[in-house]
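# Structural features, examined
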Amino acid sequence: MSGKTLYDKLWDAHVVRRNDDGTCLLYIDRHLVHEVTSPQAFEGLRLAGRPLWRVDANLATADHNVPTTDRAKGIADPVSRLQVETLDQNCHDFGITEFGMNDARQGIVHVIGPEQGATLPGMTVVCGDSHTSTHGAFGALAFGIGTSEVEHVLATQCLILKKAKNMRVRVDGALPAGVTAKDIVLAIIGRIGTAGGTGHAIEFAGTAIEQLSVEGRMTVCNMAIEAGARAGMIAVDNKTIEYFRGRPYAPKGEMWDMAVKAWREMKSDADAKFDKEVVLNAADLKPQVSWGTSPEMVVPVDGAVPDPEQETDAVRRTGMQQALRYMGLKPGTPIRDIALDKIFIGSCTNSRIEDLRAAAKVVQGKRVAKNIKLAMVVPGSGLVKAQAEKEGLDKIFLDAGFEWRAPGCSMCLAMNADRLGPGERCASTSNRNFEGRQGAGGRTHLVSPAMAAAAAIAGHFVDVRGELE
Amino acid sequence: MQKFEKLTGLAAPLDRANVDTDAIIPKQYLKSIKRTGFGPSLFDDWRYLDPGEPGMDHSKRRINPDFVLNQPRYRGAQVLLARDNFGCGSSREHAPWALMDYGFRVIIAPSYADIFYNNSFKNGLLPIVLERDAVDLLFRETEATPGYRLTVDLAAQTVATPSGRVFKFEIDAFRRHCLLNGLDDIGLTLQHVDAIKTYEARRRQEAPWLFAK
Ligand code: SF4
């Protein structure tokens, strides 16, 4: 018999019951809640008169709708305000701990989970948000769920699920200078496509993944969903364990030692079998830029906008043509000639302290180009913001002409006031470049924090590898 | 949950791959705290020429005549034909809510994104997977034949064309059972209260830090 994968281990440890049809009742250790996908679930509980199964397994925050300026004034948009107030009310009524809009610990749900130690290795973590895959970076099984499932977890602490297949993406070798976790994951998606991981749980492995910081690993797992996989994960190592030491929700004392012993098992056995395996060579990777309206539409920064005429598959060709029309780009245009209007550094993909440090290093002592109408930095949480300010990063950004904002999802999906206007072109460190994602008619190019920062200074894309020398 | 047994309904073709949930229902509508009323905003950016906001009277907006669902011949469609990886992107259940509210009960595509696929079943929307060739044929026939109606029989797991061609589809037995009977998952799970409690008691021993307050 072959050994178990990390996913197999996590799954097996959480099976409450195996049903006859092959589905399982799976136990959920941590449920993260935010304002957008929860109101209908709480309403469902009320209508059915159902209590919460385990109140302390839930942790809530408001992130999608919150303003990033002038928070003292509250939320101007009445529809957004009602949604945030509804979360406050629901958490109050059901007794759930919530980091409200004005709490110092508030932030993007996927940033605060690990930051608080509310996400731990070996856990099952769910949230009504597809980027819950982020938490898999710590050897947890973490995935996004819909609102019906949010209600199901609130009422039963379980989900009815069918096990996915095992897939491993290995990135071997050392990463070249100027190439980051974001470039790794964009290159993976470019290679396997947005449906490449559908039906699978992806384990990211290989020396390049091992060498990443935990923040970098979160960036990689964050975008597993963009490769079609509901869950992405990485084995536990010393970096993972050290990250949790002293975090508010992490175990202490004897309990810590006991937990660490269990966490060390959170890795695939050497003889584990995967249904699918993809291998990339880190040395070949370059900084990536997306050119289209799907995260698989990426090229290296020294490349050019591709030509649909070269595509043989008819459905794909049409997709490329539609994307180019929407993006206002011509085939063959060098990526470095694409001029930008706005720069967004933030989102659950790239808004942690390491991301802000990387961007600050590039902009230090320079000025944002004249053609850039807005360059903004939105830290992932109040604690990240405070840390950055302690290190003086806010000063570096402000001196360069960036705006320094309060934490939240912000222009990643433009549910608050931060958005692109029609036709505006943005270098963004977020995860989705879908049509209208950052504002109706807005054009998104996905890049790493260092690449976004370098583009802000130049006014167009540049190869950050040159900038760093 | 609404039951699904059998339906004969007008088909409409949406000829694009990777239709994402932002396209199905743009984020500004996600601010609603209700489950209903998303139909007029389905495919909002493609369907209208002017920008949409929640609370607007959508009947007064400028219609995009080039968008396929705006063609009079597809009015009242209940079966949506789609391409690969339909519903990719976010976990928003507002996507199936909007499709249902608009009037769709069935989607037929070669593949779906996992979360969307799962969410659909929880709301009585049936996402059918057929081979690419079969989907191609349905696209061609739908476009060539005004009033083209498909008959979907969940119990028999078949899609039948007007000319009598029948395609068989696969579906999980559990999902089929729930959909045929309109069963609510939570009610089913709560039949296993004892199993959940037994599991929790064991885990409390093995991994007490997971239960520390
Ligand atoms: S930052 Fe963007 S992707 Fe992440 S949770 Fe917020 S909206 Fe979703």
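Everything below is about the structure printed above this text.
Residues numbered from 1 in each chain as written. Chains lettered and ligands numbered in written order. Predicted model: local features only at pLDDT ≥ 70, side-chain atom pairs only at ≥ 80, totals over all residues. Heavy atoms only, no water.

Let's shift gears to the interface of chain B and chain A. In this assembly, 57 residues from chain B lie in contact with 75 residues from chain A. Contact between chain B and chain A buries roughly 5400 Å² in total, counting both sides, with carbon and sulfur atoms accounting for 58%. Across the contact surface, chain B and chain A share eight salt bridges. The partner of B:Arg16 in a salt bridge is A:Glu435, and the shortest N-O contact between them spans 3.1 Å. Applying the counting rule to chain B against chain A returns 33 residue pairs in polar contact (both at pLDDT 80 or more). Those elements that provide at least two residues to the side of chain B that touches chain A are helix 2 (44-47), helix 3 (94-102), helix 4 (114-121), helix 7 (185-189) and helix 8 (193-206) of chain B. For the side of chain B that touches chain A, the element with the most residues is helix 8 of chain B, which contributes ten residues. Classifying every residue of the side of chain B that touches chain A by side-chain character gives 20 nonpolar, 14 polar and 23 charged. (Contact = heavy atoms within 4.5 Å. Buried area = accessible area lost by both parts, 1.4 Å probe. Salt bridge = Lys/Arg side-chain N within 4 Å of Asp/Glu carboxyl O. Polar contact = N/O pair within 3.5 Å; in protein donor to acceptor, adjacent residues only side chain to side chain. Helix = DSSP H or I, 4+ residues; strand = E, 2+ residues; numbered from the N terminus. Nonpolar A, V, L, I, M, F, W, Y, C, P; charged D, E, K, R; others polar.)

With respect to spatial proximity, the complete set of residues near the ligand consists of A:His64, A:Ile108, A:His110, A:Asp129, A:His131, A:Ser347, A:Cys348, A:Cys409, A:Cys412, A:Leu413, A:Asn431 and A:Arg437. Taken together, the residues of the shell around the ligand sort by class into five nonpolar, five polar and two charged. (Near = heavy atom within 4 Å.)

Now for the sheet that holds strand 17 (residues 403-404) of chain A. All names here are of chain A. Strands sit in the order 17-16-15-18-19 across an open sheet of five strands; the sheet is parallel. Both outer strands of the open sheet, strand 17 and strand 19 (443-446), are each paired with one neighbouring strand and no more. One ladder, built from two bridges, connects strand 16 (residues 374-377) with strand 17; its direction is parallel. Within strand 17, the residue paired with Met 376 across the bridge is Glu 403. (Pairing = 2+ DSSP bridges.)

Attention now moves to helix 14 (residues 393-400) of chain A. All names here are of chain A. Those residues of helix 14 that fall on the buried side of the exposure criterion are Leu 393, Asp 394, Ile 396, Phe 397 and Ala 400. For helix 14, the arc enclosing every buried residue in end-on projection is 160°, short of the 170-degree limit, so these residues lie on one face. Buried residues along helix 14 sit against helix 12 (353-363), strand 16, helix 13 (382-390) and strand 17. Remark: Gly 401 follows helix 14 within two positions and exhibits a positive phi of approximately 105°. (Buried < 20%, exposed > 50% of the residue type's maximum accessible area, 1.4 Å probe, protein only. Arc of directions from axis to C-beta.)

Quick look at the packing of aromatic side chains now. The final tally for this structure, using the stated rule, is 19 aromatic pairs over all chains. Relative to A:Phe402, the ring of A:Phe397 has its centre 5.4 Å away and its plane inclined at 70°; by these criteria the two rings are edge-to-face. Centre to centre, the rings of B:Tyr117 and B:Phe121 are 5.0 Å apart; their planes meet at 80°, and the pair counts as edge-to-face. Here B:Phe121 and B:Tyr117 lie together in helix 4, a separation of four residues that amounts to about one turn. In terms of burial, B:Tyr117 and B:Phe121 fall into one category: buried. Note that B:Arg61 overlies the ring of B:Tyr48, its terminal NZ or CZ placed 3.8 Å from the centroid. The side chain of B:Arg83 reaches across the aromatic face of B:Phe139, ending 3.9 Å from its centre. (Phe/Tyr/Trp six-rings, centres within 6.5 Å; stacked < 30°, edge-to-face > 60°. Lys NZ or Arg CZ within 6 Å of the ring centre and 35° of its normal.)

Our focus in this paragraph is the side chain of A:Thr119. Residues and elements named next belong to chain A. Its place among the elements puts Thr 119 in the loop between helix 4 (109-116) and strand 6 (124-127). The exposure class assigned to Thr 119 is buried, which follows from its relative accessible area of 0%. Discounting chain neighbours no more than four positions away, the residues touching Thr 119 are Leu 32, Gly 113, Pro 114, Val 125, His 135 and Phe 244.

With that settled, the discussion passes to the environment of A:Asp399. Residues and elements named next belong to chain A. Tracing the chain through its elements places Asp 399 in helix 14. Along the sequence, Asp 399 and Thr 69 sit 330 residues apart, while their C-alpha atoms lie 18 Å from each other. Look past the residues within four positions of Asp 399 in its chain and what remains in contact with it is Lys 366 and Arg 367.

Residue and element names in this part refer to chain B. Overall, mixed pairing links the seven strands, which are arranged 4-3-2-1-5-6-7 in an open sheet. Where the open sheet ends on each side, the last strands, each with one partner, are strand 4 (126-129) and strand 7 (166-168). On average, each strand axis in the sheet is inclined to that of its neighbour by 25°, with strand direction left out of account. With three bridges connecting them, strand 1 (residues 6-13) and strand 2 (residues 79-81) associate as parallel partners. Bridged to Ala 12 within strand 2 is Leu 80. Running over the sheet, helix 5 (residues 132-144) touches strand 1, strand 2, strand 3 (106-109), strand 5 (149-153) and strand 7 and is turned about 75° from strand 1. (Axes fitted to C-alpha atoms, helices over the stretch in contact; angles between N-to-C directions.)

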